There are 2 protein chains.
Amino acid sequence: MLFKKSKKLLLLSRLRYRTGRIRCRWVVVAISLFIATASFAQEKTRLAVRSYRIANEHKILQEFVELLAIPNLAGDIVNIRRNAGLLTQMLQKRGVQTRLLEHDRPEVPPVVFGELKTPGAKETLVLYCHYDGQPTDSSRWVESKPWQPVIRTNSIEAGGKILPFPRTGESIDGNWRVYARAASDDKSPIVVLFAAMDALRANKIQPTVNLKFFFEGEEEAGSPNLSDIMRKHADLLKADMWITCDGPIHQNGQKLVFFGCRGIVSAEITVYGSNRALHSGHYGNWAPNPAMMLSELVASMKDENGRVVVDGFYNDVEPLGEFENQALAESPVYDQTLMRELGFTKPEGGGKSLNEQINLPSLNVSGLLSGYVGAQSRTLVPATATARIDMRLVKGNDPQRQVERLKEHIRKQGYFIVDKDPDQETRARYSLISKITTSDGYKAFRTPMNLPIAQKIVAAVQSASDGKVVRMPTLGGSGPLSIFAEFTGSPQMGVPIVNYDNNQHSENENVRIQNLWDGIEIYASIMTMK
Amino acid sequence: MLFKKSKKLLLLSRLRYRTGRIRCRWVVVAISLFIATASFAQEKTRLAVRSYRIANEHKILQEFVELLAIPNLAGDIVNIRRNAGLLTQMLQKRGVQTRLLEHDRPEVPPVVFGELKTPGAKETLVLYCHYDGQPTDSSRWVESKPWQPVIRTNSIEAGGKILPFPRTGESIDGNWRVYARAASDDKSPIVVLFAAMDALRANKIQPTVNLKFFFEGEEEAGSPNLSDIMRKHADLLKADMWITCDGPIHQNGQKLVFFGCRGIVSAEITVYGSNRALHSGHYGNWAPNPAMMLSELVASMKDENGRVVVDGFYNDVEPLGEFENQALAESPVYDQTLMRELGFTKPEGGGKSLNEQINLPSLNVSGLLSGYVGAQSRTLVPATATARIDMRLVKGNDPQRQVERLKEHIRKQGYFIVDKDPDQETRARYSLISKITTSDGYKAFRTPMNLPIAQKIVAAVQSASDGKVVRMPTLGGSGPLSIFAEFTGSPQMGVPIVNYDNNQHSENENVRIQNLWDGIEIYASIMTMK
């Protein structure tokens, strides 16, 4: 790999020479030699890290599985604290100074914080991961359980079968997958960071930067207490760059860095019929049906192309800059392949690409519930119907302003809005009643792509990657980057490592083992970036 | 009561006399005397039955509770057979000859059939009840469980508190309620029939008719095997009238008879997005969202007044006859009171009354499910969304023709219809895919209201009721009367006894104890009708 790169640099210098820019020639050669030397050092690190990994795959997986076996719902404080305890031990084992950053209320998941100083280093990176996972329906996992990790020969969709856990000495295939809640989101980067540190230390390679670790325990619950914790511990959190170790790499397998995340705010909308469910024969089509009302309300939010028709929904969007547009233009277009794989032929968005859509605010219905379907179904007029909606935000959007627009839209459909279940008096006064509860949410955040330290990190990721690294102005997903930025004043970027088809947030979450291996090389490269 | 009635008859004879119809005078007086004698006999029976009931309330409740304690989902064949066994014993104890009418497949709930002949009786009545109950969510019962009956001082909505089961000698308030699955629908009429027989026997009063008992075990599952069982045992089922002992009395407390039931057919509709749930940040508003698609589809089925806009939906409706229209005109109008009590101000139907609406076919959404709401919610684009729909049918409607109209409507919205989950090939071919599964359903049935034996039964119910008995051409609810009629050729009517606010089909089902007591008098009167 190194040879190929040096050759490319040499070709570059020749090209410049031939175009007649003679004055530049020696400068270009000098720079090329410098880059070649740096490249050589980085390649050496990469190979050393790889050798370490190959010799220690079982140990790394063992540590991963140990961490995955602890349930990690943000609301389950007992297990959350078991996770935090184990992570503290795991950091300390690597010489990291740790502490738990606690909220004033002990039922709030603590942040596991760690610090590893490098003598003489001038730059400090914070590596952010979260150790909590999304809620999940245990009964919908295929042949395994969320917190009983198993290894499969491939993804379930590709016919992967469960294997006995490989014993020391047995070879491990990079295409195998580990299935468990948080296997990809977001415990794998944690274990990858640990392995990267171990690999550097085993090879006596010093990091070039100071490292801080910030492992959050309630990201999947919407980080409701993160601001409080950051405010309380702001002095610990200063850094030259926060790196979010979360999210998937590109669908086509190319490595990826992102410079921002969308914000998010959620709303739950309940509409009301009678004050109790009624026999559909005796009362159906006379008593108001909230399932029908909700369908009409939800359908009113978008046009036939999936464009959100809530007034002002797209008003605040800050346009992308030159660098961002260029990076987007250079991003691989993969929509057709993805559509084939995901099994649909007509995307939402009236012809806009996935890349275009994730740079716009979105309105997604993530849940509908009214009455019963399937084996539980009953011939009733339901009493209520509920929809869950998440709205992703781009730069310029404000969560509460977006919520207010949604509420205004619902009012325009004739609804009186309440914040708790209506009593008989409220019911007697209004013919259409909707309860809306919303999260606080947080804004989107974007770091300028031309920031020098950001460029260094991109170079580090590139040097540990075989193909061209994709640069995304923003991730489609959300992360509390705006909160980090508010309390630390640091720029923010993200370096994801996991496969895109990881069933993140859904049942049967998994990570492809080769993505762990590649991730170790990427993060070792970042820790030793030039 | 008897006195009041005789006085009324006397007034009637005087009135006729005064209008100058002298020839009629003696005839009217003779008839009046005959009716008065009959009335006297009926009133005597009523009082005797009441005395028996007052002396045996604890015993009756005990038997009721014993029956309610056995789980009774049609799919739970072990418990269904326990119910059938107990019912057989309870019938035999009353001298009824019993047998189980079995389907060829032993996993089908049997009909508990019984016969009690009356020497010299010319007419035979079949008394139909069902002993299975609707599925229920145990966790949503307040302070009790579906099959652990409790007694409350009133309805939960009216603040009723759970009481210890009254011991012999302790008085029982008629406003108390028994809470359990099937407490009203439909085990209470069964126990009422038993008590009516006991009360007659204790008072040495002979029934005037032959009685057959037909207790079905899978009505709430849509009676899928009832036709088979009836075909197999058609010779047993001949009668002069089938009486369905099911459904509630009028909301205002007036006793009620009905001459038909609506038919029913159900459809479950699933629409598809991607072949798996996707992260709403990375894919939302690009991947198709089935929750949004389903909302649009469901919303397309009705106009703003709740009128079904599925083409031809109201086409086959047979208009009501003169007697039916007259009975409807005489029915109490109770809509405003009901709306107040049920907590809504604007009914569906664009101004049509509840009575008008239940004489039309209906389309009711009884369930919506996609992704997750509430504590389980996740930021996903769901993979599927499902709606459950029940359609009630009136005379003239055919279940499968109505289903075909619904399917045609769904096709018109652009959907390709499948009957199982689509594979990748189907997904690649069609942009909108909908899986539709439907029940067989059954037609509506109506007995002409002027049939002589029907009039006799109305008179029997009237003689055991204090206020005017409401005559409904059809019940809003469904019962397989059309199947009974097809296999027996008998006319059909229904005599309900339970309170309307019984949470039938929902959680916290209950029956008001006074309704049981009144029911015993009504059925004793029918068994001894003149």
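What counts and what doesn't
The numbers attached to residues start from 1 for each chain and follow its sequence in the written order. Chain A is the first chain written and ligand 1 is the first ligand written, with later ones labelled in order. At least 70 in pLDDT is required for a residue's local features to be given in this predicted model, at least 80 for side-chain atom pairs to be given and counted, and no such filter applies to totals for whole chains, interfaces and linings, which use all residues. Think of the side-chain values as coming from all heavy atoms in the structure, minus any hydrogens and water. Numbering of helices and strands runs from the N terminus, with a helix taken as a DSSP run of H or I at least four residues long and a strand as a DSSP run of E at least two residues long. Three labels apply to residues, based on accessible area from a 1.4 Å probe with only protein chains included: buried if under 20% of the type maximum, exposed if over 50%, partly exposed otherwise in between. The criterion used for residue contact is that any of the two residues' heavy atoms lie within 4.5 Å. Accessible areas in this description were obtained via Shrake-Rupley with a 1.4 Å probe; residue shielding takes into account the shown protein chains only. Note on charges: Lys and Arg go in the positive column, Asp and Glu in the negative column, and His and the chain ends are not counted at all. Where a charge sits is defined by one atom per residue type, namely NZ (Lys), CZ (Arg), CG (Asp) or CD (Glu). The term buried area means the drop in 1.4 Å probe accessible area that two parts suffer when joined, counted for both and summed. Here, a salt bridge means any Lys or Arg side-chain nitrogen found within 4 Å of an Asp or Glu carboxyl oxygen. In protein, a polar contact means a hydrogen-donor-capable atom and an acceptor-capable atom, both N or O and within 3.5 Å, with residues adjacent in sequence counting only if both atoms are side-chain atoms; elsewhere, any N or O pair within 3.5 Å suffices. Expected helix span is taken as 1.5 Å per residue step, with the number of steps being one fewer than the number of residues. Overlaid copies result from least-squares superposition on C-alpha atoms, with residues included only where pLDDT is at least 70 in both. Note on scores: pLDDT gives the predictor's confidence for each residue, bounded by 0 and 100. Here a strand pair is declared whenever DSSP counts at least two bridges between the two strands. Axis angles are defined between N-to-C directions and span 0 to 180 degrees, where every axis is a line fitted to C-alpha atoms and, for a helix, only to the segment in contact. In this scheme, roughly parallel covers angles under 35 degrees and roughly antiparallel covers those over 145, while 65 to 115 is roughly perpendicular and the rest are oblique. A crossing counts as left-handed when the near helix is turned anticlockwise from the far one by less than a right angle, and as right-handed when that turn is clockwise. Here the term charged refers only to Asp, Glu, Lys and Arg, the term nonpolar to Ala, Val, Leu, Ile, Met, Phe, Trp, Tyr, Cys and Pro, and the term polar to all other amino acids, Gly among them. Whether two aromatic rings pair depends on their centres lying within 6.5 Å, for rings of Phe, Tyr and Trp, where Trp uses its six-membered ring; planes under 30 degrees apart make the pair stacked, over 60 edge-to-face, and the rest tilted. Lysine NZ or arginine CZ positioned within 6 Å of the ring centre and within 35 degrees of the ring normal marks a charge as sitting over the ring. Note that a disulfide, as used here, is simply two cysteine sulfur atoms within 2.5 Å.

**Student:** How should I be thinking about the overall build of chain A in this particular structure?
**Tutor:** The secondary structure content of chain A amounts to 15 helices and 21 strands. Its C-alpha atoms give chain A principal-axis dimensions of about 85 × 55 × 50 Å. The 530 residues of chain A split such that 61% are buried. Of the contacts made within chain A by residues no fewer than 6 positions apart, 79% connect residues no fewer than 24 positions apart. Only carbon and sulfur atoms are counted for the fraction: they give 53% of the accessible area of chain A, which is about 21,200 Å². Put simply, chain A has 65 plus and 57 minus side-chain charges, and the middle of one group is 8 Å from the middle of the other.

**Student:** Is there a simple way to think about the interface of chain B and chain A in this case?
**Tutor:** One frequently used descriptor of interface size is the decrease in accessible area upon assembly of the parts. Facing 96 residues of chain B, the contacting portion of chain A comprises 96 residues. Between chain B and chain A the total buried area reaches about 8,000 Å² when both faces are included, carbon and sulfur atoms providing 53% of it. The interface formed by chain B and chain A holds 4 salt bridges in total. Among the ionic pairs, Arg-378 of chain A bridges to Glu-507 of chain B, the shortest N-O distance being 2.7 Å. Connecting chain B to chain A are 52 residue pairs in polar contact (both at pLDDT 80 or more).

**Student:** Explanation requested: unusual backbone geometry in the structure shown.
**Tutor:** Trans is the prevailing form of peptide bonds, just as negative phi is the prevailing case for residues other than glycine. All names here are of chain A. The amide bond that connects Asp-185 to the next residue, Asp-186, takes the cis arrangement and shows omega of 25 degrees. With respect to the element layout, Asp-186 can be found in the loop between β6 (177–179) and α4 (187–202). Positive phi outside glycine occurs at Ala-182, with the angle close to 75 degrees. Of the residues examined, Ala-182 reaches a relative accessible area of 0% and is grouped as buried. At Asn-285, a residue that is not glycine, the phi angle is positive and equals roughly 70 degrees. Structurally, Asn-285 is set in the loop between α6 (280–283) and α7 (290–299).

**Student:** Just checking my understanding: could you explain helix α13 (residues 452–463) of chain A for this structure?
**Tutor:** Because an α-helix packs 3.6 residues into every turn, residues spaced three or four apart end up facing the same way. With 12 residues, α13 of chain A extends 17 Å between its outermost C-alpha atoms, agreeing within 8% with the 16 Å of an ideal straight helix rising 1.5 Å per residue. Listing the buried residues of α13 of chain A in full gives Ile-453, Ala-454, Ile-457, Val-458, Ala-460, Val-461 and Ser-463 of chain A.

**Student:** Honestly, the relation of the copies chain B and chain A in this entry has me stumped. Any pointers?
**Tutor:** What relates the pair of chain copies is a rotation about an axis plus a shift along that axis. For the match of chain B to chain A, the screw axis carries a shift of 0.0 Å, the RMSD comes to 0.0 Å, and the turn is 180 degrees. Such a combination of rotation and displacement between the chain copies is what one expects of a two-fold axis. Relative to the rotation axis, the C-alpha of Ser-295 of chain B is the closest in chain B, positioned 2.0 Å from it. In this assembly the copies share their binding face: 100% of the residues contributing to the interface of chain B also contribute to that of chain A.

**Student:** Looking at this structure, I do not really get the confidence of the model for chain A. What am I missing?
**Tutor:** For any part of a model where pLDDT is low, the fine detail of the predicted coordinates should not be relied upon. Residues and elements named next belong to chain A. With 93% of its residues at a pLDDT of 70 or more, chain A has an overall mean of 92. The low-confidence segment residues 1–22 (pLDDT under 50) makes 15 contacts with residues lying over four places distant or belonging to another chain. In the model output, the complex is listed with pTM 0.80 alongside ipTM 0.81.

**Student:** Help me out: how do you make sense of the sheet that holds strand β6 (residues 177–179) of chain B in this one?
**Tutor:** The strands that make up a sheet pair up through hydrogen bonds in the backbone, lying either parallel or antiparallel. Residue and element names in this part refer to chain B. With antiparallel pairing, 4 strands are arranged side by side in an open sheet as β5-β4-β6-β21. What marks the edges here is a single partner per strand, and that holds for β5 (162–163) and β21 (510–512). Where strand β4 (residues 150–152) meets β6, 3 bridges bridge the pair, whose relative direction is antiparallel. Counterpart to Val-150 in the pairing with β6 is Tyr-179. Seen against the sheet, helix α15 (residues 513–527) touches β6 and β21 and runs at an angle of roughly 65 degrees to β21.

**Student:** What am I meant to see in the packing of helix α3 (residues 77–93) of chain A against α4 of chain A here?
**Tutor:** The angle between the axes and the distance between the axes are what describe a pair of packed helices. Residue and element names in this part refer to chain A. Direction vectors running N to C along α3 and α4 enclose 20 degrees, while the axes themselves pass 11 Å from each other. It follows from the interaxial angle that α3 and α4 lie roughly parallel. Handedness of the α3/α4 crossing: left-handed. The residues of α4 that touch α3, namely those facing Asn-83, Leu-87, Met-90 and Leu-91, are Lys-187, Ile-190 and Phe-194. Across the contact of α3 with α4, the residue classes tally to 5 nonpolar, 1 polar and 1 charged.

**Student:** Help me understand the sheet that holds strand β4 (residues 150–152) of chain A in this model?
**Tutor:** Residues and elements named next belong to chain A. The strand order across the open sheet built from 4 strands is β5-β4-β6-β21, with neighbouring strands paired in antiparallel fashion. The sheet terminates laterally at β5 (162–163) and β21 (510–512), the two strands that pair on one side only. Relative to β5, β4 is paired through 2 bridges, and the arrangement is antiparallel. By the bridge assignment for β5, Ile-151 is matched with Leu-163. Strands β6 and β21 of the sheet are contacted by helix α15 (residues 513–527), whose axis makes an angle of about 65 degrees with β21.

**Student:** Please clarify how the packing of α13 of chain A against α15 of chain A should be interpreted in this entry.
**Tutor:** All names here are of chain A. The N-to-C vectors of α13 and α15 enclose an angle of 140 degrees; their axes lie 8 Å apart at closest approach. Comparing their axes, α15 and α13 come out oblique. Regarding α13 and α15, the two cross each other, and that crossing is right-handed. Seen from α13, the contacting residues are Ile-457, Ala-460, Val-461 and Ser-463; seen from α15, they are Ile-522, Ser-525 and Ile-526. Residues of the contact of α13 with α15, tallied by class, amount to 5 nonpolar, 2 polar and no charged.

**Student:** What should I look at first to understand the side chain of Thr-426 of chain A in this one?
**Tutor:** Relative to the assigned elements, Thr-426 of chain A resides in helix α12 (residues 424–429). In contact with Thr-426 of chain A, other than residues within four places in its own chain, are Phe-416, Val-418 and Ile-433 of chain A.

**Student:** Hey, could you run me through the packing of aromatic side chains in this one?
**Tutor:** The description of an aromatic ring pair rests on the distance of the ring centres and on the angle between the ring planes. Here the structure, examined in full by the defined rule, presents 20 aromatic pairs over all chains. Ring centres of Phe-214 of chain B and Phe-484 of chain B lie 6.2 Å apart, and the angle between their planes is 65 degrees; on these two criteria the pair is classed as edge-to-face. In this pair, Phe-214 of chain B is assigned in strand β7 (residues 210–216) and Phe-484 of chain B in helix α14 (residues 481–488), connecting sequence segments 270 residues apart. For the pair shown, Phe-214 of chain B and Phe-484 of chain B are each scored as buried. In this arrangement the basic side chain of Arg-152 of chain A is found over the ring face of Tyr-179 of chain A, its NZ or CZ atom lying 5.3 Å from the centre.

**Student:** Help me out: how do you make sense of the pattern of salt bridges in this one?
**Tutor:** For side chains bearing opposite charge, pairing can occur when the charged atoms are close. Tallied over the full model, the rule gives 60 salt bridges over all chains. Among the ionic pairs, Arg-152 of chain A bridges to Glu-143 of chain A, the shortest N-O distance being 2.9 Å. Arg-152 of chain A gets classed as buried once you look at its relative accessible area, which sits at 2%. For Asp-390 of chain B, the salt bridge identified is with Arg-392 of chain B, shortest N-O distance 3.8 Å. Among the charged side chains, a network of salt bridges with common partners joins Arg-46, Arg-50, Asp-466 and Glu-521 of chain A.

**Student:** Where do I start with helix α14 (residues 481–488) of chain A in this structure?
**Tutor:** All names here are of chain A. Most of α14 sits inside the fold, with 7 of its 8 residues counted as buried. Taken together, the buried positions of α14 are Leu-481, Ser-482, Ile-483, Phe-484, Ala-485, Phe-487 and Thr-488. On the buried face of α14, the contacting elements are β3 (124–130), α5 (226–232), β8 (241–244), β10 (260–272), β17 (445–446) and β20 (492–494). One or two residues past the end of α14 sits Gly-489, with phi positive at roughly 65 degrees.

**Student:** Sorry if this is basic, but what is going on with the side chain of Arg-94 of chain B here?
**Tutor:** Residues and elements named next belong to chain B. Residue position: Arg-94 is located in the loop between α3 (77–93) and β1 (97–101). Exposure remark for Arg-94: the relative accessible area of 5% places this residue in the buried category. Among the polar contacts made by the side chain of Arg-94, one reaches the side chain of Glu-63 at a distance of 2.8 Å. In this structure, Arg-94 is in contact with Glu-63, Leu-116, Phe-194, Met-197, Asp-198 and Arg-201, ignoring residues within four places of it in sequence.

**Student:** Could you clarify how one ought to interpret the environment of Trp-286 of chain B in this entry?
**Tutor:** As for its position among the elements, Trp-286 of chain B is in the loop between α6 (280–283) and α7 (290–299). Residues Trp-286 of chain B and Val-381 of chain B, spaced 95 residues apart in sequence, show a C-alpha to C-alpha distance of 9.8 Å. Those residues in contact with Trp-286 of chain B that sit more than four places away from it in its chain are Asp-335, Leu-338, Met-339, Leu-342, Phe-344, Pro-347, Glu-348, Lys-352, Ser-353, Leu-354 and Gln-357 of chain A.

**Student:** When you look at the state of the cysteines in this model, what are you seeing that I'm missing?
**Tutor:** Note: disulfide means a covalent bond formed between the sulfur atoms of two cysteine side chains. Residue and element names in this part refer to chain A. Overall, the coordinates contain 0 disulfides over all chains when judged by the stated rule. The cysteine Cys-129 is free of any disulfide, with Cys-245 supplying the nearest cysteine sulfur at 4.0 Å. Cys-129 sits in the buried class, given a relative accessible area of 0%.

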